[in-house]
Amino acid sequence: MRAPETSDLVTYIPILTSIGLALYVIWHCLRPKADIINPNIKKTEEKVVDTMNVDDIKEDISFCRCWRSQEFPLCDGSHNEHNKKTGDNVGPMCLRKQQKKTFCD
Ligand code: FES
C-alpha cells in the first residue's frame, strides 16, 4: 500500500470546498434570524396591533415592549429575565391614571 501523495490530496480540495460551502449555505438559511424582535406572540398575524381605549384604564397599567410577556400586550415582568440573559435594557411603557383634582382636599 502506498502513502497518499500531495497530488492525491489536492484532488479532494474542490470536493471539500463544495461541501463546506453547502453546509454554510444551509446553516445561513436555517439559523435563527437575529433581527426578529417578536419571538412567539401572535405569529400567525401579519402585524400585531393591540388597541386599548384610554378611558377604559381604571388603574396604572404597564405595556410590554420586550415581546416576551405571557400576558402580552401587558407586561408580566418577563423583561427582567430577558435583560439578564442578553444584557439588554428593555422595560415596559407605563401609563398612569391621572388623578383628577378634586376640591374636597
Ligand atoms: S414583560 Fe415585556 S416589558 Fe415587561
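Cut-offs applied
- Starting afresh in each chain, residues are numbered from 1 along the sequence in its written order.
- Where local features are concerned, this predicted model is filtered to residues with pLDDT of at least 70; where side-chain atom pairs are given and counted, the filter is 80 or more; whole-chain, interface and lining totals use all residues.
- UniProt positions are given in the numbering used here, feature names are shortened, and annotations may be inferred rather than shown by experiment.
- Secondary structure elements follow DSSP: runs of H or I of four or more residues count as helices, runs of E of two or more count as strands, with numbering from the N terminus.
- C-alpha atoms define the radius of gyration in this analysis, and the globule rule sets the expected value at 2.2 Å times the number of residues to the power 0.38.
- Burial is judged by counting other C-beta atoms within 10 Å of a residue's own C-beta: 20 or more means buried, 12 or fewer means exposed, and anything between counts as partly exposed, with every C-beta placed from the backbone.
- A pair of residues counts as a contact when their C-beta atoms, built from backbone coordinates, are separated by no more than 7 Å.

Within an unreviewed UniProt entry, the label attached to the protein reads Iron-binding zinc finger CDGSH type domain-containing protein, and the organism entered is Candidula unifasciata. The UniProt entry for the protein carries the following comment under Cofactor (unreviewed entry): "[2Fe-2S] cluster".

1. Looking at the overall build of the protein
Helix and strand counts for the protein stand at two helices and two strands. For the protein, the α and β elements follow one another from N to C terminus as α-β-α-β. Computed over its C-alpha atoms, the radius of gyration of the protein comes to 27 Å, more than 25% above the 13 Å expected for a compact globule of 105 residues. With the C-alpha coordinates aligned to their principal axes, the bounding extent of the protein is approximately 105 × 30 × 15 Å. Of all 105 residues assigned to the protein, the portion counted as buried reaches 7%. Contacts in the protein between residues far apart in sequence, at least 24 positions, make up 41% of those at least 6 positions apart.

2. Thoughts on the UniProt feature "domain: Iron-binding zinc finger CDGSH type" (unreviewed entry) in the protein
UniProt records the feature "domain: Iron-binding zinc finger CDGSH type" (unreviewed entry) for residues 47-85 in the present numbering. Measuring from the first to the last C-alpha atom of residues 47-85 gives 27 Å, for a span that is 21% helix and 8% strand.

3. Considerations on the UniProt feature "transmembrane region" (unreviewed entry) in the protein
According to UniProt, the feature "transmembrane region" (unreviewed entry) maps to residues 12-30 in the numbering used here. For residues 12-30, the helix share is 100%, the strand share is 0%, and the end-to-end C-alpha distance is 27 Å.

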